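Spelled out from the first residue to the last, the chains are:
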Amino acid sequence: MNRDEALSRMETLKEAILYHNRRYYQLDAPEITDADYDQLLRKLIDLETEYPDLATPDSPTQRVGAPPLEKFGAVAHLTPMLSLANAFSDEEIREFDRRCRRFLEDEKTISYIVEPKLDGLAVNLLYERGALTVGLTRGDGHIGEDITLNLRTIPTIPLIIPRPENAAPTAETKTPSVPERIEVRGEVCMERKAFRNLNRRRAEEEAPPFANPRNAAAGSLRQLDSRITARRPLTMFCYAIGTAEGAFFRTHAEVLRTLAAWGFRVNPLIRPAVDIEECIQHYHRIGGLREQLPYDIDGIVIKVDELALQERLGAVSRSPRWAVACKFAAIQGQTVIEDIIVQVGRTGVLTPVAIMRPVRIGGVMVSRATLHNQDEIDRKDIRTGDTVVIQRAGDVIPEVVEVVKTLRTGAERPFVMPETCPECNSRVVRSKGEAAHRCIGIACPAQIREHIAHFVSRGALDIEGLGEKMVAQLVAGGLIGDPADIFFLTKEKLLGLERTADKSASNLLAAIGRAKKPPLDRLIFALGIRHVGEQTAKRLADTHVTLDALAAATFEELQTIRDIGPEVAASIAGFFREPVNLHVLDKLCRAGVVPQETVRPKAAPLAGKSFVFTGTLGRMGRSEAKALVQSLGGKVDNSVTKTTHYVVAGEAAGSKLEKAGRSGIAILDEEGFFALTGGDEN
Ligand code: IVH
């Protein structure tokens, strides 16, 4: 490659990297794998190394990520947030160690800290005199987006750094005092189980699912309404500090221990290593644990332990010389799409599913992947017969990452959604503004089947022995046509089915009998009202003590309930106006199904915490705020004392605020207070 060719190649690479940065960082919709992205960046770095005079200050290698979106405020980090150089093999890890030692000249062996590389979103928390004041995304590394309100809702992020006497003891001789200003950094993630539950709830409420936990965490942090973030199960692992005024640390291990003592979540798999060979052992050990961990990791990070050495090593362009990210191989595989079938869900939504030649990915055989909807298929240009890259992130449902277009033969067939329902031949329609195609058949057996299967499922009436297969059999045999019919089943009817013995028929009837007194919220959820998932059903059961009361509620009245907007209210009101639904409810009643009032123990997340209010709150009066604290198990005092945990400062706060500031008590502004009291829904 000559100079001119190199220049034009560099331009192309830059453009591609900027484009993918935007897809990844701003739109949360990456188009290529991390490995492919890393390769693009690597090529550019190589060319810039070969032709240093062609490297420009605006090159993406000089900036980490992409500029922030406009909707959140933009705030500068006190110390820039760097990115990490990558290593992909044991040899490259050894090379990192050699580079460090060459640079330091006098150092014989260097001790390191090995950490899992968490697959979430990097954030920076600024604490001033112990109080969390600003929380930022990484942004371009220099300027981040101000997502303070959202971060405050995450339970594992301390709102204050406790004074030494309240901090957990550490191995150090003395617990560090609260620094004047300190930036605490780490990764916000969603654990896999929480991610699966979130997606299940979203499916029930007909919201599109998130592709993986990282996207779910990113989408949740980017909410302009922090109340939505508060309901998302996010967590944060801390692994670094930035600017730290009034704090001194000698080693990275000491930093981590102190963060843990202050109440930050620090990953339990972090280990010291006496030399690079021990780091490599940890790399393989943690790699072996990867599949079992409750959260996604995509590698490990090796960091020089001694901070003075880190200082001497410094940074080159976008990454420090004292750390390296060692990536694991992506859990991906290639296979062929043999067919694309269409499944009909409870609400008539048609979902295309890829049937693939079985392939082993990360120890699991994969043969199906949801393709979501027609738009998604068009965007990725997926055709029957295509060779595709399949990815499993942890134990998440496999997804089609991309089509290997170079392997196309021309025989591939594009997918078009059928015009009639594959189950009942009714017309299929797509409403304006919706990604989904729906079957409009009122008697569609697939919808009836799914509807009943939902009614008896675990979060709903939970009838043991009524799995999807059994429901399908009962519907196909004409024994049931709606959820209420279940309660009119008899032994004679069941014995007419194939492979149903006397014993199992009795067991099933007993289970059905037990389901006649469901908690009200479960029955509401079981009805399958559009947009009413488990959470909303609980809320409705709390506000309307009986099903009749709920059925009588007006559209306007429903909207006064917390978290219920016009769309959900219309769906509920509409459900109870529909004669077919009223008929089923009436049948349930005749069958003797009587919902029980829900009695749940009151959550007491603020038990043992005492609050003092000062100034005026904008959103509610003092007595209302007091009642809110008390309802969550907390206590409200009139004056600030040694036992006060939080001072809530509204407009025109007075001397109590000053006193709190002097004694280092946590100060909450109005938003902080609502994040604390309204964040946890249950
Ligand atoms: S240290 C200068 N430690 O990886 C050091 N980063 O490519 C900055 N990450 O932006 C980061 N786990 O989002 C560090 N234990 C860990 C990490 C970690 C995940 C992410 C972080 C960072 C990216 C670097």
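Each chain has its residues counted from 1, running along the sequence as written. Reporting in this predicted model follows two pLDDT cut-offs: at least 70 for local features of residues, and 80 or more for side-chain atom pairs to be given and counted; totals over whole chains, interfaces and linings ignore these cut-offs and use all residues. Excluding hydrogens and water, the side-chain figures rest on all heavy atoms present in the structure.

1. Quick look at the site of the ligand
Here comes step 1: Only a single heavy atom is needed: when it lies within 4 Å of a molecule or strand, its residue is near that molecule or strand. Among the 14 residues in the neighbourhood of the ligand, the closest are listed as Glu115, Leu118, Arg138, Glu187 and Lys303.
Here comes step 2: Under this definition, polar contacts are N or O atom pairs within 3.5 Å; protein pairs additionally need one hydrogen-donor-capable and one acceptor-capable atom, and for neighbouring residues in sequence, both atoms have to be side-chain atoms. Contact between the ligand and proline 116: a nitrogen atom at 3.3 Å from a main-chain N or O atom of the residue.
Here comes step 3: Lysine 117 places a polar side-chain atom, nitrogen or oxygen, 3.2 Å from an oxygen atom of the ligand.
Here comes step 4: About the coverage of the ligand: the protein hides 88% of its 520 Å² of free accessible area. What sets the accessible areas is the Shrake-Rupley method with a 1.4 Å probe; for residues, cover comes only from the shown protein chains.

2. Focus: the sheet that holds strand E23 (residues 610-614)
Here comes step 1: Pairing between strands is defined by DSSP: at least two bridges between the two strands are required. Helical segments are the DSSP runs of H or I of at least four residues, strand segments are the runs of E of at least two, and each set is numbered from the N terminus. Sheet architecture is open: 4 strands sit in the order E24-E23-E25-E26, paired in parallel fashion. In this open sheet, the two edge strands, each paired with only one partner strand, are strand E24 (635-637) and strand E26 (666-668). Neighbouring strand axes in the sheet, compared pairwise and without regard to direction, differ in orientation by 35° on average.
Here comes step 2: As defined by bridge partners, E23 adjoins strand E25 (residues 646-649) across 4 bridges and the pair is classed as parallel. Across the sheet, residue threonine 614 finds its bridge partner in E25, namely alanine 649. Structural elements are reduced to axes, namely lines fitted to C-alpha atoms, with helices fitted over the stretch in contact, and the angle between N-to-C directions of any two is expressed from 0 to 180 degrees.

3. Comments concerning the sheet that holds strand E2 (residues 85-87)
Here comes step 1: With mixed pairing, 5 strands are arranged side by side in an open sheet as E2-E13-E10-E3-E9. Pairing within the sheet leaves two strands with one partner each, and these edge strands are E2 and strand E9 (271-273). Mean inter-strand twist for the sheet, computed between neighbouring axes without regard to direction, equals 35°.
Here comes step 2: Contacts were defined at the residue level, with two residues in contact if any of their heavy atoms lie within 4.5 Å. Helix H8 (residues 252-261) rests against strand E3 (112-118) and strand E10 (297-304) of the sheet, and its axis sits at about 55° to E3.

4. Things to note about the packing of helix H3 (residues 90-104) against helix H9 (residues 276-289)
Here comes step 1: Between H3 and H9, the shortest axis-to-axis distance is 10 Å and the interhelical angle comes to 145°. H9 is crossed by H3, and the crossing has right-handed handedness. For the pair H3 and H9, the contacting residues are Asp90, Ile93, Arg94, Phe96 and Asp97 in the first and Ile276, Glu277, Ile280, Tyr283 and His284 in the second.
Here comes step 2: For this classification, Asp, Glu, Lys and Arg are treated as charged, while Ala, Val, Leu, Ile, Met, Phe, Trp, Tyr, Cys and Pro are nonpolar and the rest, including Gly, are polar. Residue composition of the contact of H3 with H9, grouped by class: 5 nonpolar, 1 polar and 4 charged. Whether a crossing is left-handed or right-handed is set by the direction in which the near helix is turned from the far one by less than a right angle, anticlockwise for left-handed and clockwise for right-handed.

5. A few points about helix H12 (residues 445-455)
Here comes step 1: Categorising residues by exposure relies on relative accessible area from a 1.4 Å probe, with only protein chains included: less than 20% of the type maximum marks a residue as buried, more than 50% marks it as exposed, and the intermediate range marks it as partly exposed. For H12, every residue scored as buried is listed here: Ala446, Gln447, Ile448, Ile452, Ala453, His454 and Phe455.
Here comes step 2: Summarising the contacts, the buried residues of H12 are in contact with helix H5 (192-204), strand E14 (332-344), strand E22 (437-439), helix H13 (468-476), helix H16 (520-526) and helix H21 (579-590).

6. Remarks on the pattern of salt bridges
Pairing between side chains of opposite charge can happen when their charged atoms approach one another.
Here comes step 1: We count a salt bridge whenever a side-chain nitrogen from Lys or Arg sits within 4 Å of a carboxyl oxygen from Asp or Glu. Scanning the entire structure with this criterion turns up 33 salt bridges.
Here comes step 2: Between arginine 449 and glutamate 423 there is a salt bridge whose closest N-O contact spans 3.1 Å. Taken together, the positions of arginine 449 in helix H12 and glutamate 423 in the loop between strand E20 (413-414) and strand E21 (428-429) put the pair 26 residues apart, joining distant regions of the chain.
Here comes step 3: Accessibility expressed as a relative area gives 36% for glutamate 423, which makes it partly exposed.
Here comes step 4: Aspartate 482 is paired through a salt bridge with lysine 587; the nearest N and O atoms lie 2.7 Å apart. With aspartate 482 in the loop between H13 and helix H14 (491-495) and lysine 587 in helix H21, the pair connects residues that are 105 residues apart, well separated along the chain. Comparing aspartate 482 with lysine 587, the two get one shared label, buried.
Here comes step 5: One network of salt bridges, in which partners are shared, links Glu91, Arg94, Glu95, Arg98, Arg102 and Glu277.

7. Focus: the confidence of the model for the protein chain
Here comes step 1: For the protein chain, the average pLDDT comes to 87, and 93% of its residues sit at 70 or higher.
Here comes step 2: pLDDT: the predictor's confidence for each residue, scored from 0 to 100. For residues 63-69, every residue scores under 50 in pLDDT, and the model assigns this stretch 28 contacts once sequence neighbours within four places are set aside.

8. Details of the packing of H12 against H13
Here comes step 1: At a closest axis distance of 9 Å, the pairing of H12 and H13 adopts a crossing angle of 135°. The angle between H12 and H13 falls in the class oblique. Crossing of H12 against H13: the hand is right-handed. In this structure, H12 contributes Pro445, Ile448, Arg449, Ile452 and Ala453 to the contact, and H13 contributes Glu468, Val471, Ala472 and Val475.
Here comes step 2: Taken together, the residues of the contact of H12 with H13 break down into 7 nonpolar, no polar and 2 charged. With respect to orientation, any angle under 35 degrees is reported as roughly parallel, any angle over 145 as roughly antiparallel, any angle of 65 to 115 as roughly perpendicular, and every other angle as oblique.

9. So, the side chain of arginine 152
Here comes step 1: Among the structural elements, arginine 152 can be located in helix H4 (residues 148-152).
Here comes step 2: With no salt bridge to any partner, buried arginine 152 finds its closest opposite charge in aspartate 669, at an N-O distance of 4.1 Å.
Here comes step 3: Sequence-distant contacts of arginine 152, defined by excluding residues within four places in its chain, comprise Leu132, Leu159, Leu668, Asp669, Gly672 and Ala675. The sign given to each residue is positive for Lys and Arg and negative for Asp and Glu; His and the chain ends receive no count.

10. Thoughts on the environment of glycine 263
Here comes step 1: With respect to the helices and strands, glycine 263 occurs in the loop between H8 and E9.
Here comes step 2: Overall, the relative accessible area of 44% leaves glycine 263 in the partly exposed class.
Here comes step 3: Residues glycine 263 and threonine 156 lie 107 residues apart in sequence; the distance between their C-alpha atoms is 8.1 Å.

11. Remarks on the packing of aromatic side chains
Here comes step 1: Pairs were defined over the aromatic rings of Phe, Tyr and Trp, the Trp ring being its six-membered one, requiring ring centres within 6.5 Å. Orientation was assigned from the angle between planes: stacked under 30 degrees, edge-to-face over 60, tilted for the rest. As enumerated under the stated definition, the model contains 9 aromatic pairs in all.
Here comes step 2: Taking 5.6 Å as the distance between ring centres and 15° as the angle between the ring planes, the aromatic pair formed by tyrosine 283 and phenylalanine 328 counts as stacked. In this pair, tyrosine 283 is assigned in helix H9 and phenylalanine 328 in the loop between strand E13 (323-327) and E14, connecting sequence segments 45 residues apart. Of the two residues, tyrosine 283 and phenylalanine 328, neither departs from the other in class, the shared state being buried.
Here comes step 3: Between phenylalanine 611 and phenylalanine 673, the aromatic rings sit 6.2 Å apart at their centres with planes inclined by 75°, giving edge-to-face as the arrangement. Here phenylalanine 611 is found in strand E23, whereas its partner phenylalanine 673 is found in helix H24 (residues 670-678), with 62 residues between them in sequence. Of the two residues, phenylalanine 611 and phenylalanine 673, both sit in the buried class.
Here comes step 4: The structure contains a cluster of three or more aromatic residues connected by ring pairs, namely Phe611, Phe613, Tyr646, Phe673 and Phe674.

12. Here's the deal with H8
Here comes step 1: Buried residues dominate H8, accounting for 8 of its 10 residues.
Here comes step 2: Among all positions in H8, only His252, Ala253, Glu254, Val255, Leu256, Thr258, Leu259 and Ala261 are buried.
Here comes step 3: Along its buried surface, H8 packs onto E3, strand E7 (181-190), strand E8 (234-245), E10 and helix H10 (307-313).
Here comes step 4: Residue glycine 263 follows H8 closely and has a positive phi angle near 105°.

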